[in-house]
Amino acid sequence: MIRIDHLTHVYPGSRKTAPRTAISDLSLQVGDGEFAILSGPNGSGKSTLFRILCGLALPSSGTVHIGGFDLFTQAAKVRTILGVVFQSPAVDKHLSVAENLRIHADLYGLRGAEFSRRRDEALGWTDLADRLDQQVATLSGGLARQVELAKVLMTDPKVLLLDEPTTGLDPVSRRNFLDALHRLQKSRGMTVLMTSHVFAEADDVDRVAIMREGVLLAYDTPAALKAMIGTEMVVVQAKDTEGLAARLRSEMGLAVRCIGDEVRLEETENGESLPLLEKILDRYRPEVLSISIKQPGLDDVFVHVTSRAVPDHALALDLRRTGS
Amino acid sequence: MSAMTRVTVSLAKREFTRFIRQPQRVVGTVAQPLLFWLFLGAGFGGSFRPAGMENVTYLEYFYPGVMLMMMLFASIFSSITIIEDRDAGFLQGVLAAPVPRLGIVLGKVLGSTSIALVQTLIFTIAAPFLGLHLGLGSLVLLLMGFVLTGIGFSALGFLLAWGMKSTSAFHAVMMVFLMPLWMLSGALFPLGNVPAAMKLVMLANPVSHALIIIRAPFYGGPVTLLADPQYLTSLAVTIAWAATCLGLSMIRVEKREKGVAAV
């Protein structure tokens, strides 16, 4: 449904800055009816990719096909099957919920009985039924997001793109929004690509893509990604993180990594972790603040994948440089 | 209704609804030119004695100029809301929708024009008190003048605002570029005895031509005006101006920001 081939995007430089490559030779496919999440640290090229996908920017090279149409030569066709939820709300705060829906319907050529039917259907799952005449500015953040999603769903898109849609929502609103999104995606068979850096959101999706510095580092099912770093890991918090890591490497021959203030021993097999934990505790008891065995989550995969290519001490610097 | 009309009407209606929901904006845009007119009229009234216009008071002379100012400022300031639309995200939603790009431009431009038109028409109520009486034909020509001026300047505002990052940059352009054009149009004082160089500026200044098509209907009916070469020239210039700005705006909207060749 979404097919990206060898996409490269370079931002023009100015007199003082060199041209900057935001996306470099990226290829990725999202199948029909799949729910995919695109994640990566700030400055990884997610937003640029998103702008290209919804037709607001043209890349330096490469092709994108959405629903079989070429995004760059048949943009008008793609727009009819595409629904986009932007990070900054695309509703007019000074207008009421009903007026916003009306304008959106006008843009997509929906009217009459068809409009009423689709509107009622799109509002069905929301809490907006008795707030149609309220100005969007007076709604809570969660409800305003509902307007956004209802509006986009009203046109029955085959492909839905969402850019960090849950930013600024409280945990309950976030959960409600995602539950609704998943339910609607399944019932309508929509293809969904959503950017996010909240990994709690990624566990029940079909595929997760991880980008860094414009390069696609991993793209797989959540289960397969988690399997990359073994089924268990030992996580130690120490008084002197670097010192303990060095000692574990040299004295025990363990392949540990420092991530923030934690020393991590990833890629341990089932059953190996507990004896290892006991051994570390035996030897370095006074150094250790806390030690635990953890089932890797997607956020651990993310940390693992996005920091793999560089030595640990360079990571902090590196993230600062690519941050936008 | 074609897709283009539907989109244009819907977006223009939005502009208008937003305008009425902000009463201070309505009061501000009507009151400011009105005060301008009354104060300058009161101040300059005594010393205004241009050759050949002995029986015209300054209030009357300045009246079409203030109307022009209202059209100019109201339409330009309404169309710079495109900057807000972009920052708030509304514009992205419109750009991602399957709508003709000209519809996006026309929606904003006609919305701005109608806002400016309403304000200016309120001001037209003053005409009889100045002893100016408009026949039906003149009224139609006046309205046409307003609409063309509004479209021309909203489209110019759109074109200027599209690439700008903030509204404050726009205000700077407004003060150093548009204000002088208005002052040199003959709106504030007659340009009868100015140096030749300034005369040239005046001829090249689209605002002067807009002023001519707004002032003329107060002093002549359709029969005289449509046979007057100066009126027809100004009309043609204003139409060409509006069409050019609309066309350029559409090209701007059509253009997607493009990445440069890989290094």
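Conventions and cut-offs
Residues numbered from 1 in each chain as written. Chains lettered and ligands numbered in written order. Predicted model: local features only at pLDDT ≥ 70, side-chain atom pairs only at ≥ 80, totals over all residues. Pairing = 2+ DSSP bridges. Helix = DSSP H or I, 4+ residues; strand = E, 2+ residues; numbered from the N terminus. Axes fitted to C-alpha atoms, helices over the stretch in contact; angles between N-to-C directions. Contact = placed C-beta atoms within 7 Å. Domains from an automatic or database assignment.

### Details of the sheet that holds strand 11 (residues 215-220) of chain A
All names here are of chain A. Taken in spatial order, the 6 strands line up as 7-8-9-3-10-11 in an open sheet, and their pairing is mixed. Two strands in the sheet have a free side with no partner beyond their single neighbour: strand 7 (82-85) and strand 11. Taking each pair of neighbouring strands and ignoring which way they run, the sheet shows an average axis angle of 15 degrees. Where strand 3 (residues 35-39) meets strand 9 (residues 191-195), 4 bridges bridge the pair, whose relative direction is parallel. Bridge pairing in strand 9 links Leu38 to Thr195. Packed onto the sheet, helix 1 (residues 46-53) meets strand 3, strand 8 (159-163), strand 9 and strand 10 (207-212) and runs at close to 145 degrees relative to strand 8. Its contacts with the sheet place helix 5 (residues 141-154) against strand 7 and strand 8, and it is angled at close to 170 degrees to strand 7.

### A closer look at the domain arrangement of chain A
Residue and element names in this part refer to chain A. With domains assigned, chain A is organised as domain 1 (2-221) and domain 2 (226-322). Each partner contributes residues to the interface: domain 1 has 13 residues there, and domain 2 has 8 residues. Put simply, the parts of the chain that give the side of domain 1 that touches domain 2 at least two residues each are strand 10 and strand 11. With 3 residues, strand 10 is the single largest residue contributor to the side of domain 1 that touches domain 2.

### Some words on the sheet that holds strand 6 (residues 69-70) of chain A
Two strands in a sheet stick together by hydrogen bonds in their backbones, pointing the same way (parallel) or opposite ways (antiparallel). All names here are of chain A. Pairing within the open sheet is antiparallel, and its 4 strands lie in the order 2-1-5-6. Lying at the two open borders of the sheet, with one neighbouring strand each, are strand 2 (20-30) and strand 6. Across 7 bridges, strand 1 (residues 2-11) lies against strand 2 in antiparallel orientation. Bridged to Arg3 within strand 2 is Gln29. Against the sheet, helix 1 makes contact with strand 1, strand 2 and strand 5 (61-66), and its axis sits at roughly 60 degrees relative to strand 2, the strand it touches most.

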